[in-house]
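For reference, the chains in residue letters:
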Amino acid sequence: MKRFYLYIVLMAGLGTCVSSCADFLDREPLTVPNNESFLSGEAQVRGYINGLYTALPSLAKFGMGVRGEEKNSDNILSEIYNKRLNGEETLFSSSEDWENGYKNLRNVNYFFHYYLVPEDMETEEVKSLKGEAYFLRAYWHFVQLKKFGNIPIMDAFWDEHATISGLQIPQKDRGEVAKFILEDLDKAEKLLFNRSKYSGLRICKEAAMLLAMQVALYEGSWEKYHKNDEFAAATDQSAYFFGEVLRWGDMLFEQGIKLNTKETDGGVVNPGDAYGRLFNQNDYSNISEVLFWRKYSVTDGVFHALTGLVGGGVVDQDGPAGIAGDLVNTYLNADGTPVDPNNSKFKDFNETFKSRDLRLTETIMSTGYKFKSTAKGSRPMKVADASTGDKTINPPFLAGDGNAKNVTGYHIRLGVDTTYVSGDCETGLVLMRYADALLSYAEAAEELGKCDDEVLSKTLKPLRARAGVTYVTPVRDPNFTDYGYTLTPVMQEIRRERRVELALQGYRLDDLMRWAADKVIVGKRGKGAYLGHDGILYKSFAEDKHEALAKVLVDGNGWMDPLQELIPGGYQFNPKRDYLLPIPPSELELNKQMKQNPGWK
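This structure is a prediction, so every number in the text was calculated from the model and none was measured.

Participant: I tried to follow empty space enclosed by the protein on my own but got confused; where do I start?
Facilitator: Rolling a probe over the atoms, with the probe sized like a water molecule, indicates the empty space that remains. Counting across every chain of the model gives 5 cavities of 30 Å³ or more. The calculated volume of the largest cavity comes to roughly 70 Å³. Residue lining of the largest cavity: Asp326, Asn329, Thr330, Val339, Pro341, Asp477, Asn479, Phe480, Thr481 and Arg496, and that is the complete set. Per element, the largest residue contribution to the lining of the largest cavity is 3 residues, and it comes from helix α11 (residues 325-330).

Participant: Looking at this structure, I do not really get the pairing of strand β2 (residues 290-294). What am I missing?
Facilitator: Extensive coverage of β2 is indicated by the burial of 5 of its 5 residues. Direction of pairing for β2 relative to strand β4 (residues 429-433): antiparallel, over a ladder of 4 bridges. If you follow Arg294 over to β4, its bridge partner there is Leu429.

Participant: Is there a simple way to explain the packing of helix α2 (residues 42-53) against helix α4 (residues 124-148) in this structure?
Facilitator: The angle between the axes and the distance between the axes are what describe a pair of packed helices. The N-to-C vectors of α2 and α4 enclose an angle of 25 degrees; their axes lie 10 Å apart at closest approach. The angle between α2 and α4 falls in the class roughly parallel. As α2 runs across α4, the sense of the crossing is left-handed. Between α2 and α4, the residues in contact are Glu42, Val45, Arg46, Ile49, Leu52 and Tyr53 and Glu125, Val126, Leu129, Glu132, Ala133 and Leu136, respectively. The class makeup of the residues in the contact of α2 with α4 is 8 nonpolar, no polar and 4 charged.

Participant: Explain the layout of surface pockets here, please?
Facilitator: By volume, the second largest pocket is sized at about 870 Å³. Forming the walls of the second largest pocket are 33 residues, and the residues nearest its centre are Gly325, Asp326, Asn329, Gly526 and Lys527. Broken down by secondary-structure element, the contributors of at least two residues to the lining of the second largest pocket are α11 and α18 (518-521). Among the residues making up the lining of the second largest pocket, the classes are represented as 11 nonpolar, 13 polar and 9 charged.

Participant: Is there a simple way to think about the nonpolar core in this case?
Facilitator: Among soluble globular proteins, nonpolar side chains are generally buried collectively. Membership of the largest hydrophobic core comes to 114 residues, with the highest contact counts inside it found for Phe135, Leu185, Leu211 and Met513. In this view, Met513 contacts Arg84, Tyr218, Trp222, His226, Ile521, Phe573, Asp578 and Tyr579; residues no more than four positions away in its chain are not counted. Counting 50 residues, the second-largest nonpolar core is a separate cluster that includes Leu59, Leu278, Ala321 and Val383.

Participant: Would you explain unusual backbone geometry in this entry?
Facilitator: Excluding glycine, a negative phi dihedral is what most residues carry, and trans is how most peptide bonds are arranged. Residue Ser199 is not a glycine yet carries a positive backbone phi of 55 degrees. Relative to the helices and strands, Ser199 resides in the loop between α6 (195-198) and α7 (205-225). Residue Ser199 is classed as buried on the basis of its relative accessible area, which comes to 14%. Despite not being glycine, Ala516 shows a phi value in the positive range, around 50 degrees.

Participant: Quick question: what am I supposed to make of the environment of Gly41 here?
Facilitator: Relative to the helices and strands, Gly41 is located in the loop between α1 (3-6) and α2. When the C-alpha positions of Gly41 and Leu116 are compared, they lie 7.9 Å apart, and in sequence the two are 75 residues distant.

Participant: I tried to follow the packing of aromatic side chains on my own but got confused; where do I start?
Facilitator: Centre distance and the angle of the planes are the two values used to describe a pair of aromatic rings. Applying the stated rule across the entire model yields 35 aromatic pairs. Look at Tyr284 and Trp293: their rings are 5.5 Å apart centre to centre, the planes differ by 75 degrees, and that puts the pair in the edge-to-face class. Taking the relative accessible area as the measure of exposure, Tyr284 reaches 0% and is therefore buried. For the ring pair Phe349 and Phe353, a centre distance of 5.3 Å and an interplane angle of 55 degrees mean the geometry is tilted.

Participant: Can you walk me through the side chain of Asn280 in this structure?
Facilitator: Mapped onto the secondary structure, Asn280 falls in the loop between α9 (273-276) and β2. There is a polar contact of 2.5 Å between the side chain of Asn280 and the side chain of Gln281.

Participant: It is not clear to me how the pattern of salt bridges should be interpreted in this structure. Could you clarify?
Facilitator: When their charged atoms lie close together, side chains carrying opposite charge are able to pair. On inspection of all chains with the given rule, the structure shows 45 salt bridges. A salt bridge links Glu125 to Lys197, with the nearest nitrogen and oxygen atoms 3.9 Å apart. Of the two residues, Glu125 sits in helix α4 while Lys197 sits in helix α6, which places them 72 residues apart along the sequence. When its relative accessible area of 37% is taken as the criterion, Lys197 is described as partly exposed. Among the salt bridges present, the one from Glu447 reaches Lys224, with a minimum N-O distance of 2.6 Å.

Participant: Would you explain the packing of helix α13 (residues 434-447) against helix α16 (residues 489-501) in this entry?
Facilitator: α16 packs onto α13 with a crossing angle of 160 degrees between their chain directions and a minimal axis gap of 10 Å. One element, α13, and the other, α16, form an angle in the roughly antiparallel class. Both α13 and α16 take part in a crossing whose hand is left-handed. Counted together, Ala435, Asp436, Leu439, Ser440, Ala442, Glu443, Glu446 and Glu447 of α13 and Val490, Met491, Ile494, Glu497, Arg498 and Glu501 of α16 form the full contact between these two elements. Partitioned by chemical class, the residues of the contact of α13 with α16 number 6 nonpolar, 1 polar and 7 charged.

What counts and how
- Position numbers for residues count from 1 along each chain, tracking the sequence in the order it is written.
- Where local features are concerned, this predicted model is filtered to residues with pLDDT of at least 70; where side-chain atom pairs are given and counted, the filter is 80 or more; whole-chain, interface and lining totals use all residues.
- Heavy atoms throughout the structure, all of them, feed into the side-chain values; hydrogens and water do not.
- Cavities and pockets are found on a 1 Å grid laid over the protein atoms alone: a cavity is a set of points where a 1.4 Å probe fits but cannot escape, a pocket is an open set with protein on both sides within 12 Å along at least five of seven lines, and a lining residue has an atom within 4 Å of such a point.
- Grid points are joined across faces, edges and corners, and a volume is the space filled by probe spheres set on the points.
- Labels follow the DSSP assignment, with helices taken as runs of H or I lasting at least four residues and strands as runs of E lasting at least two, numbered in each case from the N terminus.
- Only protein chains enter the area calculation, which uses a 1.4 Å probe; residues under 20% of their type maximum are buried, those over 50% are exposed, and those in between are partly exposed.
- Strand pairing requires that DSSP identify at least two bridges connecting the strands.
- Think of each axis as a best-fit line through the C-alpha atoms, taken over the contacting stretch in the case of a helix, with angles from 0 to 180 degrees between the N-to-C directions.
- Angular relationships are summarised with four words: roughly parallel below 35 degrees, roughly antiparallel beyond 145, roughly perpendicular across 65 to 115, and oblique for the angles in between.
- Handedness of a crossing is defined here by the sense of rotation of the near helix relative to the far one, left-handed for an anticlockwise turn of less than a right angle and right-handed for a clockwise turn.
- Throughout, a contact is declared for two residues whenever any of their heavy atoms are within 4.5 Å.
- Classification convention: Asp, Glu, Lys, Arg as charged; Ala, Val, Leu, Ile, Met, Phe, Trp, Tyr, Cys, Pro as nonpolar; all other residues, Gly among them, as polar.
- The nonpolar core is taken to be a set of buried Ala, Val, Leu, Ile, Met, Phe, Trp, Tyr and Cys residues, with the residues joined through side-chain atoms within 4.5 Å.
- Stacked, edge-to-face and tilted are the three classes for Phe, Tyr and Trp ring pairs, Trp counted by its six-membered ring, which pair at centre distances within 6.5 Å; planes under 30 degrees apart are stacked, over 60 edge-to-face, the rest tilted.
- Any N or O atom pair separated by 3.5 Å or less is treated as a polar contact, with the protein-specific requirement of one donor-capable and one acceptor-capable atom, and with residues adjacent in sequence counted only for side-chain atom pairs.
- One speaks of a salt bridge when a side-chain nitrogen belonging to Lys or Arg is within 4 Å of a carboxyl oxygen belonging to Asp or Glu.

Remember, this is a structural readout, not a statement about activity or role.
Right under this line is the structure:
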């Protein structure tokens, strides 16, 4: 395969991008030469579309990227806590989000405006590139929809109407925005190549199907769970959108994509590898579950720092952090039964990981696993009694400082590099994965009362089988996350499966928002592992570390409680305001047709 396709992340955009609608009136002219004719051949079209890829999620040369993103939810606890969770956002907090979203939409619409490939030159390659543009326009509208709700649909190149009167474009109801997105994805799906053409390195037909499922599920559940609050859509079309999830899912099922398992992946050696290898490989070309991914290459100057940070124990690059104990408690026992977090055996750090869902030990560092896989001198974590003089003991980094200090006892293992590098990292980034489609399908089916054994057999059951978990008929778990309303036992298990299968991959905040799950957030702050003096975690530190351990915040029962001083009353998320971000005041001043989101004055 040509390097040109492998490293599309290297390509720069071809246009000078304006930052928002408000900037149109004083923008600089476009710097692309000969605007009226340059998008008239395959090479020009490919070059421009490659440039649009650079705005998609990526891993940076500095920072945790998506792996540390979930401090914006209940999955990661960080001393530099998320302002939105604590109700601290201001009217101006979202200006950059608004501007970036519409900047990216403008760049896509520039393509459609100047696309001049003659019909007789529209090869299958050109058509697929055009399909990628439809996908990207859908993608960025979805990003804006999730953040801002009712928004103006940018279905054309607005520069030619860059006057005060020309920019008086009203918001569309969120349901209509979602339908527009699905229409774009329908166009994309008809034009795009299958995944096999470029091995997942370019936007493909299957990725368009999955994005359509994500959009329909998000909007359907938003309209159901927010129908009686300030954020309700004009009409409740949730049943329609749930039906769209199933329609697109049935199409995707016909594409022959399979989960990554021992049978499909020759690199699987250990029981948890089929899941773990989805996050620690440099090349996902032959892992068909990965529908769309980004490749990195030190040789070509495209690399990141994530695996180095994870190898150093970092959970949040901004400061001390750790994975939340509530996430740990969500994973099932291997026999399919839920854990009772109040069971005293879990005061033993090592007991926490025994005979559990294999994804737990693939996601969170525990005794026997290395932070850095093959580095000389790199020791695996080992929690044991230090008084024995065992020199191999290597507990979580509770007594350190800086961003490598862990505040819950739970480090990230997901994505630990299997070929240890000391500096720049090349581990690929998975952007879209087939497992998400299975979870979306199961959830929509249960919302419609159609999640029977046939549906479960092609969705939840294969995921649990891969994770080494026996599937048992769902019954209500009294210790399961309280969302503030009653869930069926099947829906409870679907939400459990979603949380653990997609942990630390950037999904959790969106799920909490669409489920109207403020009860999960308000007044909560999360806990960590047990650090009582009688527990093995405390005993795994030598006496010279006990003074440092005394500074670790714990509750009255010895469980780590890292945010007790920062947010003593728990997160102060405002459920009448914080489900949507504010529309920037400058945009409202320019476009009098728009209204501010609820709760923002």
